[in-house]
Amino acid sequence: MAANVTMLSWGVKQSFRSYVEATGGVIEAGGGAERTQDGGFTFAPAPGGDLRLDADGKLEGRGTFTGELKFEAHGGMLSVFLADPIVEVGPSGAVLTVADSKSRTRRVEIARLDLAAMTTEDGEIVLPTALLMHGIQVLGDHYPLMTALDPVRLKLA
Ligand code: HEM
C-alpha cells in the first residue's frame, strides 16, 4: 500500500537527553518541533517533501521537516543546536541531515538510516539510525562513529 509520510519523530539520543537534564541543563524545542511525552521530539512537515512508501513497501524520496532543538548545560559550555531535519533516500541508502546552526548556513549528515531494518509499528515506519562523521561533531565529539542514536519514526498518512 502506497502512503505519504506526514511527520517525523526523533529523540536524537535518549542517553544524551537524560545527561543534559541530569546535569541541570535545558532542552528546548520550537519552530515546528515539539517535545513528546517520552522525552523525544516531533518535527512538522515542510513543503516540498515527497517521502513516501511505494506500492512495494519501499521508502522513497525526500522528507523535509521544520523545527529546532537546543541543548544547553554546564553553564553554556555544552551547546548543541540542530534544526530542520531532512530524510533523504538515495541509491546508496538513506540519511538524516540537519542544519547545525541558527543561521542554517550548513546542513550536515548526522545519521545513516538502516533501510534493511525498517519496521512498521502503529502506522509508523521505524528506522534504526547510526551516527555519521558530522553527527559526531554536532554531539560534541563524544560518541564513536556508527553509535546507535534514537530510531527515526515516520508517520504515514
Ligand atoms: C564543564 C564541562 C563538562 C563537564 C564537567 C562534563 C561532564 C560529563 C560527565 C561526567 C559525563 C558522563 C555522564 C554519565 O556517564 O552519566 C559526560 C558525558 C557526556 N558529555 Fe559532558 N561534560 C562537559 C562538557 C560537555 C560538552 C561541551 C559537551 C558537548 C556536547 C558534552 C557532551 C557530553 C556527551 C554527549 C556525553 C555522553 C552522554 C551519554 O550519552 O551518556 N559534555 N559529560
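**Comments concerning the environment of Arg-62**
- The topology assignment puts Arg-62 in strand 7 (residues 62–66).
- Arg-62 has contacts with Gly-49, Asp-50, Leu-51, Ile-86 and Glu-88, leaving out every residue within four places of it along the chain.

**Topic: the site of the ligand**
- Around the ligand lies a shell formed by Lys-13, Ser-15, Phe-16, Tyr-19, His-74, Met-77, Leu-78, Val-80, Leu-139, Gly-140 and His-142.
- When residues of the shell around the ligand are traced back to their parent elements, those giving at least two are helix 1 (14–22) and strand 9 (78–90).
- Counting residues per element, the shell around the ligand draws most heavily on helix 1, which supplies three residues.
- Partitioning the shell around the ligand into residue classes produces six nonpolar, four polar and one charged.

**Points about the nonpolar core**
- Membership of the largest hydrophobic core comes to 29 residues, with the highest contact counts inside it found for Leu-8, Leu-69, Val-87, Leu-96, Ala-111, Leu-113 and Val-152.
- Those elements that provide at least two residues to this core are strand 1 (3–10), strand 4 (41–45), strand 8 (68–73), strand 9, strand 10 (93–99), strand 11 (107–113), strand 13 (124–131) and strand 14 (148–156).
- In terms of residue count, the dominant contributor to this core is strand 9 (four residues).
- Residue contacts for Val-152: discarding those within four places in its chain leaves Leu-8, Trp-10, Val-87, Leu-96, Leu-113, Leu-127 and Thr-129.

**As for the environment of Glu-60**
- Note that Glu-60 resides in strand 6 (residues 59–60).
- In this structure, the C-alpha to C-alpha distance between Glu-60 and Gly-90, residues 30 residues apart in sequence, is 7.9 Å.
- For Glu-60, the contacting residues outside a window of four places in its chain are Arg-52, Asp-54 and Val-89.

About the thresholds
Residues numbered from 1 in each chain as written. Predicted model: local features only at pLDDT ≥ 70, side-chain atom pairs only at ≥ 80, totals over all residues. Helix = DSSP H or I, 4+ residues; strand = E, 2+ residues; numbered from the N terminus. Contact = placed C-beta atoms within 7 Å. Near = placed C-beta within 6 Å. Nonpolar A, V, L, I, M, F, W, Y, C, P; charged D, E, K, R; others polar. Core = buried A, V, L, I, M, F, W, Y, C linked by C-beta atoms within 7 Å. Buried ≥ 20, exposed ≤ 12 C-beta atoms within 10 Å, placed from the backbone.

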